[in-house]
Amino acid sequence: MNKRLLNTLKSKPAFLLLLPVFFVLHGFNENYNAVSVSNALLLLSKYLASTLLLFFLFLWIYKNKINAYLASFSLMAINFFFGSFHDFLKKNFADAFFTKYSFLLPSLLIFTIIYLIILKKRKLQFQKTFFYLNILFFVLIITDSSHLMLKILKAKNIPERAYLKELNICDSCNKKDIYLILADEYAGKTELNKIFSFNNDPFLEQLKKRGFHTIDSSHSNYNLTVYSVASTLNMDFIAVKDPSQPSKYVVSASNIIYNNNVVLLLKSLGYTISNLSSFDMYENHTKYPDVFLPAEEELINSQTLLNRVAHDLGYHLITTLKLNYFVRKQLYKKFDYNNEKIKTTIDISKQKSKTPKFVFTHLNLPHFPYYTDSNGNKLGSEIITAQIPTNKKQYLEYLIYSNKVLLNLIDNIQSNSLTPPIIILFSDHGFRHFIDEKNTSMQFNNLIALNLGDSNYNQFYKGMSTVNLFRALFNVEFHQHLSILKDDSTISTNLKIE
């Protein structure tokens with residue numbers, strides 16, 4: 001090795017800045033296509049600034065550059081790698097006491113204090129440490145850069161979808177406005193009867209009076225929202241090799257939603273798209289923070305100590321300290337989003353347009369938390385914080401309230417539309433929070449109700465699943481010949497991701 005280079009590696013603390021570079025690069029590499037370069041660079045700039053700020057803080061404390069380099073590096077390393085270490089403990093030692101935050105955080109604090117004191121009192125031989133850390137992070141960055149380059153070289157422009165080739169552009173078709181309303185976790189008739197002993201026929205009758213056709217014994221293909229939405233909008237099944245580990249496939253599912261076939265097909269037919277869902281789509285980003293998937297930065301920094309503590313303990317902290325503003329902002333977020341999306345959908349239905357509209361409105365109704373009673377009276381924060389998803393009584397109360405909201409939304413869409421639109425009301429899955437595991441198969445029983453106006457419902461058969469919903473719709477409305485897929489379902493057992 002060149003002597004000058006060797007001396008540089010032994011004397012210069014390049015590792016201090018290489019650490020955040022590696023962390024962001026590795027996260028970007030793992031989430032390739034899900035995180036933009038601009039957001040990754042923005043996150044990197046934040047971490048570089050934080051690292052330098054720590055360095056100057058410790059330089060002021062220690063009055064010694066070497067100690068300041070090592071102290072700031074150590075704290076940033078603890079922050080970056082805490083999540084991976086915590087996951088390792090939980091995976092290999094399950095619910096052991098030393099995997100709990102109540103043990104880990106005090107232990108980590110004590111260790112850090114002792115380390116910083118030792119660092120201040122001892123004169124360190126830093127050259128070997130500098131050399132090792134510099135080499136380590138250069139190798140890690142080169143390795144990750146090589147993997148990233150391979151991905152870039154293999155990446156191609158989004159190919160023209162097979163369905164686009166299969167689609168026959170129908171200039172003479174009557175292109176009606178299409179409203180897709182997703183009622184999240186709305187249980188189907190069978191599940192409500194068998195599990196809740198609840199008769200939902202009055203609601204279904206009200207839909208019928210408004211011209212809706214309800215599909216008997218319909219079901220979802222997945223019991224996880226991101227999977228279900230991806231398969232519905234892409235009109236195809238998605239690859240889930242290990243259903244017990246849904247977090248591994250969230251990024252790929254979100255990419256499918258981003259480039260889904262339904263929106264591509266409708267755009268080719270001249271539709272304008274209004275995305276009021278919780279998911280980004282190509283050229284149609286959502287206006288609402290995503291409550292199902294992590295934001296781009298979160299995909300990278302979700303493993304950090306600060307992010308883990310904020311995510312896992314932040315809510316408990318603000319409720320303990322009774323910070324009411326933050327409690328309300330966090331607690332009622334989904335409820336406020338519902339109201340915002342409903343208002344925006346109604347506003348869009350009032351707008352006159354020369355081009356047909358496709359409006360996708362994703363409502364967290366009657367999904368947990370259950371915000372109101374059956375009459376729409378909002379529950380207090382103390383009740384909501386004490387709720388558990390398995391509370392069937394509160395779920396039913398919220399479902400009855402949801403029925404009123406959905407009928408009101410439909411009435412507004414129909415009354416505001418100059419010509420009768422297509423309205424599709426469906427749920428991504430049914431109620432999932434069972435104490436008794438023998439009932440878990442019921443969570444696929446969902447709601448699919450459609451109003452196609454003067455079109456027929458011959459292709460919307462009993463037992464239909466959501467993967468075939470738009471296949472049948474395009475066949476009926478736009479004279480296509482898309483094949484109907486087998487109505488299979490895949491269950492994910494780890495539902496920490498909604």
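Predicted, not measured: the structure shown is a model, and the values here were computed from it. (Residues numbered from 1 in each chain as written. Predicted model: local features only at pLDDT ≥ 70, side-chain atom pairs only at ≥ 80, totals over all residues. Heavy atoms only, no water.)

K.L.:
Can you help me understand the overall build of the protein chain in this one?
P.N.:
The number of helices and strands found in the protein chain is 19 helices and six strands. A total of 498 residues make up the protein chain; the buried ones form 49% of that total. Considering only contacts in the protein chain between residues 6 or more positions apart, those separated by 24 or more positions represent 76%. As displayed, the protein chain offers around 25,100 Å² of accessible surface, 59% of which is attributable to carbon and sulfur atoms. (Helix = DSSP H or I, 4+ residues; strand = E, 2+ residues; numbered from the N terminus. Buried < 20%, exposed > 50% of the residue type's maximum accessible area, 1.4 Å probe, protein only. Contact = heavy atoms within 4.5 Å. Areas by Shrake-Rupley, 256 points an atom, 1.4 Å probe, with all protein chains shown as cover.)

K.L.:
What am I meant to see in the packing of aromatic side chains here?
P.N.:
The geometry of an aromatic ring pair is captured by the separation of the ring centres together with the interplanar angle, meaning the angle of the planes. Counted under the stated rule, the structure contains 33 aromatic pairs. Centre to centre, the rings of Phe-15 and Phe-130 are 5.1 Å apart; their planes meet at 70°, and the pair counts as edge-to-face. A residue pair is termed long-range when its members are at least 10 positions apart, and Phe-15 in helix H2 (residues 15-30) and Phe-130 in helix H6 (residues 126-154) qualify at 115 residues. Take Phe-15: its relative accessible area is 0%, and that puts it in the buried class. One aromatic cluster in this structure is built from Phe-196, Phe-335, Phe-368, Tyr-370, Tyr-371, Tyr-395, Tyr-398, Tyr-401 and Phe-431. Directly above the ring of Phe-196 sits Lys-392, whose terminal nitrogen or CZ lies 5.9 Å from the centroid. (Phe/Tyr/Trp six-rings, centres within 6.5 Å; stacked < 30°, edge-to-face > 60°. Lys NZ or Arg CZ within 6 Å of the ring centre and 35° of its normal.)

K.L.:
I would appreciate a short explanation of the pattern of salt bridges in the present structure.
P.N.:
Here the idea is simple: oppositely charged side chains can pair when their charged atoms come close. Enumeration according to the criterion identifies eleven salt bridges in this entry. Between Asp-454 and Lys-176 there is a salt bridge; the shortest N-O distance is 3.1 Å. Here Asp-454, found in the loop between strand S6 (448-451) and helix H19 (469-478), pairs with Lys-176, found in the loop between helix H7 (162-166) and strand S1 (178-183); they are 278 residues apart in sequence, far enough to count as distant. Here Asp-216 and Lys-462 are joined by a salt bridge, their closest N and O atoms 3.8 Å apart. Here Asp-216, found in the loop between strand S2 (213-214) and helix H10 (225-234), pairs with Lys-462, found in the loop between S6 and H19; they are 246 residues apart in sequence, far enough to count as distant. Residues participating in the shared-partner salt-bridge network are Asp-87, Lys-90 and Arg-308. (Salt bridge = Lys/Arg side-chain N within 4 Å of Asp/Glu carboxyl O.)

K.L.:
Got a minute to help me understand H19 in this structure?
P.N.:
At 3.6 residues per turn, the α-helix brings residues three or four places apart onto the same side. The buried fraction of H19 is high, at ten of ten residues. Burial in H19 covers these residues: Leu-469, Phe-470, Arg-471, Ala-472, Leu-473, Phe-474, Asn-475, Val-476, Glu-477 and Phe-478. His-479 lies just past H19 and shows a positive phi near 55°.

K.L.:
Before we go on, may I ask you to explain a nonpolar patch on the surface in this structure?
P.N.:
On the surface, Met-149, Leu-150, Ile-152 and Leu-153 cluster together into a nonpolar patch covering about 400 Å² of accessible area. In this fold, Leu-153 is placed in helix H6. According to the relative accessible area criterion, Leu-153 is exposed, its value standing at 65%. (Patch = residues over 30% accessible without salt bridge, like charges linked within 9 Å, V, L, I, M, F, W, Y side chains within 5 Å.)

K.L.:
Explain the sheet that holds S1 here, please?
P.N.:
Here six strands make up an open sheet; going across it, the order is S2-S6-S5-S1-S4-S3 and the pairing mixed. Across the chains shown, the open sheet's two edge strands, defined by having one partner strand only, are S2 and strand S3 (272-276). Relative to S6, S2 runs antiparallel, the two sharing two bridges. Bridge pairing in S6 places His-213 opposite Leu-450. The strands that helix H16 (residues 333-350) touches are S1, S3 and strand S4 (357-363); relative to S4, the one it contacts most, it runs at about 165°. Most of the contacts of helix H18 (residues 392-416) go to S1, to which it runs at about 175°, and overall it touches S1, S4, strand S5 (422-426) and S6. (Pairing = 2+ DSSP bridges. Axes fitted to C-alpha atoms, helices over the stretch in contact; angles between N-to-C directions.)

K.L.:
Help me understand the environment of Ile-135, please; the structure alone is not making it clear to me.
P.N.:
Mapped onto the elements of the fold, Ile-135 is located in helix H6. The exposure class assigned to Ile-135 is partly exposed, which follows from its relative accessible area of 28%. Spatially, the C-alpha atoms of Ile-135 and Lys-10 are 9.6 Å apart, while their sequence positions differ by 125 residues.

K.L.:
Explanation requested: the pairing of S3 in the structure shown.
P.N.:
Within a regular strand, side chains alternate between the sheet's two faces. S3 sits mainly inside the fold: four of its five residues count as buried. Sheet topology note: the S3/S4 ladder contains five bridges and is parallel. When the sheet's bridge partners are listed, Asn-275 is paired in S4 with Phe-360.

K.L.:
Can you help me understand the pairing of S4 in this one?
P.N.:
Across the seven residues of S4, seven count as buried, placing the element largely inside the fold. A two-sided burial pattern is seen for S4, the buried positions comprising Lys-357, Val-359, Thr-361 and Leu-363 on one face and Phe-358, Phe-360 and His-362 on the other.

K.L.:
What is the right way to look at the environment of Ser-217 in this model?
P.N.:
Along the chain, the position of Ser-217 falls in the loop between S2 and H10. Here Ser-217 falls in the partly exposed class, since its relative accessible area comes to 32%. Separated by 227 residues in the primary sequence, Ser-217 and Phe-444 place their C-alpha atoms 9.9 Å from one another. Each residue touching Ser-217, except ones within four places of it in the same chain, is listed here: Asn-445, Lys-462, Gly-463 and Met-464. In terms of polar contacts, Ser-217 uses its side chain to reach the side chain of Asp-216, at 3.4 Å. (Polar contact = N/O pair within 3.5 Å; in protein donor to acceptor, adjacent residues only side chain to side chain.)

K.L.:
How should unusual backbone geometry be read in this particular structure?
P.N.:
Glycine aside, residues mostly have negative phi, and peptide bonds are mostly found in the trans state. Of the consecutive residues Leu-365 and Pro-366, the connecting peptide bond is found in the cis state with omega at 0°. Looking at where Pro-366 falls in the secondary structure, it is placed in the loop between S4 and helix H17 (381-385). Each neighbour pair has its own omega, and for Phe-368 with Pro-369 the value is 0°, a cis peptide bond. Locating Pro-369 in the fold gives a position in the loop between S4 and H17. Phi at Ser-197 takes a positive value of approximately 50°, unusual for a residue other than glycine. Here Ser-197 shows up in the loop between helix H8 (189-196) and helix H9 (201-209). Of note in this structure, Glu-283 is not a glycine but carries a positive phi near 65°. With respect to the helices and strands, the residue Glu-283 is situated in the loop between S3 and helix H13 (296-301).

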